Amino acid sequence: TFRDIYGGILFRCPSLKQIKGEYATKDGRAWIKNNTMYVFAPAELTSYTVPNGVTELEDDLFHECKNLKELLLPQGLLVIGDYAIRFCSGLETLDIPQTVHTIGQCAISFCESLLELVIPSSVTRLEYDSLSGNSSLTSLTLPDGLTHISDYVFDRLPQLNKIIIPSTVKFIGR
């Protein structure tokens with residue numbers, strides 16, 4: 001019986017097809033405890049819908065899911081953890097729900113096929129390196145109410161051709 005499991009425990013297992021156990025989802029693709037999704041089995045998937053009721057994506061959850069083209073996040077999601085959606089080079093579609101208030105450091109980074117991203121109005125801070133390396137990103141929408149942009153958030157975004165920094169931003173890092 002697991003007492004605790006930490007994000008990233010199986011993040012470099014691209015051939016993982018199924019997870020079994022007390023907290024595994026019925027399809028065997030995820031391990032969820034206390035509304036936090038900790039483990040994902042990415043093998044052969046190009047699209048995945050995070051189950052309703054999940055409020056947090058643990059650190060490193062979708063790290064290096066290179067075949068994933070579409071990731072659907074549920075309304076009610078609150079936190080995208082550190083490195084949660086990183087090096088997903090095939091990811092083309094990611095809609096962040098309006099309920100998300102925290103986007104962790106390096107959370108949505110190096111998703112080289114992602115063309116556009118809208119940060120919801122519930123987010124007030126963008127953490128260190130949170131959006132860096134999305135080399136195909138051409139459109140980025142930042143919300144009114146955003147107050148803090150940490151270091152390197154916009155690093156390595158060579159295709160980004162327009163960004164409007166809201167007047168509510170009080171701090172911009174390097």
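Residue indices begin from 1 for each chain and proceed along its sequence in written order. Restriction of local features to residues with pLDDT of at least 70 applies here, the model being predicted, together with a cutoff of 80 or more for giving and counting side-chain atom pairs; totals for whole chains, interfaces and linings are based on all residues. Computation of side-chain values: all heavy atoms of the structure, hydrogens and water removed.

Participant: Describe the pairing of strand S2 (residues 36-40), with residues and values.
Facilitator: Whether a residue is buried, partly exposed or exposed follows from its accessible area with a 1.4 Å probe, protein chains only, as a fraction of its type maximum: under 20%, in between, or over 50%, in that order. Where helices and strands are cited, they refer to DSSP runs of H or I of at least four residues and of E of at least two residues respectively, numbered from the N terminus. Judged by how many residues are buried, S2 sits mostly within the fold: 5 of 5 residues are covered. Pairing geometry for strand S1 (residues 30-33) and S2, over 4 bridges, is antiparallel. Across the sheet, tryptophan 31 pairs through a bridge with valine 39, a residue of S2. Here S1 folds back onto S2, and the loop between the two strands holds 2 residues, one of which, asparagine 34, carries a positive phi near 50°. Criterion used throughout: strands pair if DSSP finds at least two bridges between them. As paired strands, S2 and strand S4 (residues 56-57) are joined by 2 bridges and run parallel to one another. Among the inter-strand pairings, threonine 36 is bridged to a residue of S4, identified as glutamate 56.

Participant: Residue-level account of the pattern of salt bridges, with values.
Facilitator: Each reported salt bridge corresponds to a side-chain nitrogen of Lys or Arg within 4 Å of a carboxyl oxygen of Asp or Glu. According to the stated counting rule, one finds 5 salt bridges in the structure shown. Measuring nitrogen to oxygen at the nearest pair gives 4.0 Å for the salt bridge that ties glutamate 92 to lysine 69. Of this pair, glutamate 92 sits in the loop between strand S7 (85-86) and strand S8 (93-95) while lysine 69 sits in the loop between S4 and strand S5 (70-72), and the two are 23 residues apart along the sequence. A salt bridge links arginine 156 to aspartate 129, with the shortest nitrogen-to-oxygen separation between them at 3.7 Å.

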